[in-house]
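Structural description and commentary
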Amino acid sequence: MLSHMNKRTTLVLDSALYAELKAIATADGRTLTEVIEQTLRRGLQRRAGRGPRVTLPSYDLGPFLLDPSDRAAWRDERTPREDGR
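So, here is what we can say about the structure in this document. Keep in mind it's a predicted model, so treat the numbers as computed, not measured.

What counts, and at which threshold
- Residues numbered from 1 in each chain as written.
- Predicted model: local features only at pLDDT ≥ 70, side-chain atom pairs only at ≥ 80, totals over all residues.
- Heavy atoms only, no water.
- Patch = residues over 30% accessible without salt bridge, like charges linked within 9 Å, V, L, I, M, F, W, Y side chains within 5 Å.
- Areas by Shrake-Rupley, 256 points an atom, 1.4 Å probe, with all protein chains shown as cover.
- Salt bridge = Lys/Arg side-chain N within 4 Å of Asp/Glu carboxyl O.
- Lys, Arg positive; Asp, Glu negative; His and termini not counted.
- Charge placed at Lys NZ, Arg CZ, Asp CG, Glu CD.
- Helix = DSSP H or I, 4+ residues; strand = E, 2+ residues; numbered from the N terminus.
- Buried < 20%, exposed > 50% of the residue type's maximum accessible area, 1.4 Å probe, protein only.
- Polar contact = N/O pair within 3.5 Å; in protein donor to acceptor, adjacent residues only side chain to side chain.
- Axes fitted to C-alpha atoms, helices over the stretch in contact; angles between N-to-C directions.
- Parallel < 35°, antiparallel > 145°, perpendicular 65-115°, else oblique.
- Contact = heavy atoms within 4.5 Å.
- Nonpolar A, V, L, I, M, F, W, Y, C, P; charged D, E, K, R; others polar.

Overview of a positive patch on the surface
The grouping of Arg42, Arg46, Arg47, Arg50 and Arg53 at the surface amounts to a positive patch. When you line up the elements, Arg50 lands in the loop between α2 (32-49) and α3 (71-78). Using a relative accessible area of 58% as the deciding quantity, one classes Arg50 as exposed.

So, in structure tokens, the structure goes:
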């Protein structure tokens, strides 16, 4: 029994992506299958090489001082006041 057997599958690729992969295969003198396999392997290796995801801290700084959706309030806040603030 063979320890490595190829599996067949069907991929639905964007036409631009297919054209790019096909151009690489032609330029390198390789089959489309070889190019797709190598590309997938590189992607998997890159993913496996990453460390665990880091959770960044978040802080509750209280309520907004200005309503983010109220543009007039932001404009008014940027306009200098008569009292110098």
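Following the structure, the description resumes.
Quick word on the environment of Asp67
Relative to the helices and strands, Asp67 is located in the loop between α2 and α3. For Asp67, the side chain forms a polar contact with the side chain of Ser69, separated by 3.0 Å.

Topic: a nonpolar patch on the surface
Residues Leu11, Leu13, Leu17 and Tyr18 make up a contiguous nonpolar surface patch of roughly 340 Å² in combined accessible area. Take Leu17: it is sitting in helix α1 (residues 15-28).

Structural notes on the pattern of salt bridges
What the rule picks out here adds up to 1 salt bridge. As a salt-bridge pair, Asp28 and Arg30 come within 3.1 Å of each other at their nearest N and O atoms. A residue is classified by how much of its surface remains accessible, and Asp28, at 45% relative accessible area, is partly exposed. Judged by relative accessible area, which is 27%, Arg30 ranks as partly exposed.

Notes on the packing of α1 against α2
Packed helices, taken two at a time, are described by the angle between their axes plus the distance between the axes. Closest axis-to-axis distance for the α1/α2 pair is 8 Å, and the angle between their directions is 110 degrees. If you check the angle between α1 and α2, you find them roughly perpendicular. For the pair formed by α1 and α2, the contact residues are Tyr18, Leu21, Lys22, Ile24 and Ala25 on the first element and Leu32, Val35, Ile36 and Thr39 on the second. Tallied by class, residues from the contact of α1 with α2 come to 7 nonpolar, 1 polar and 1 charged.

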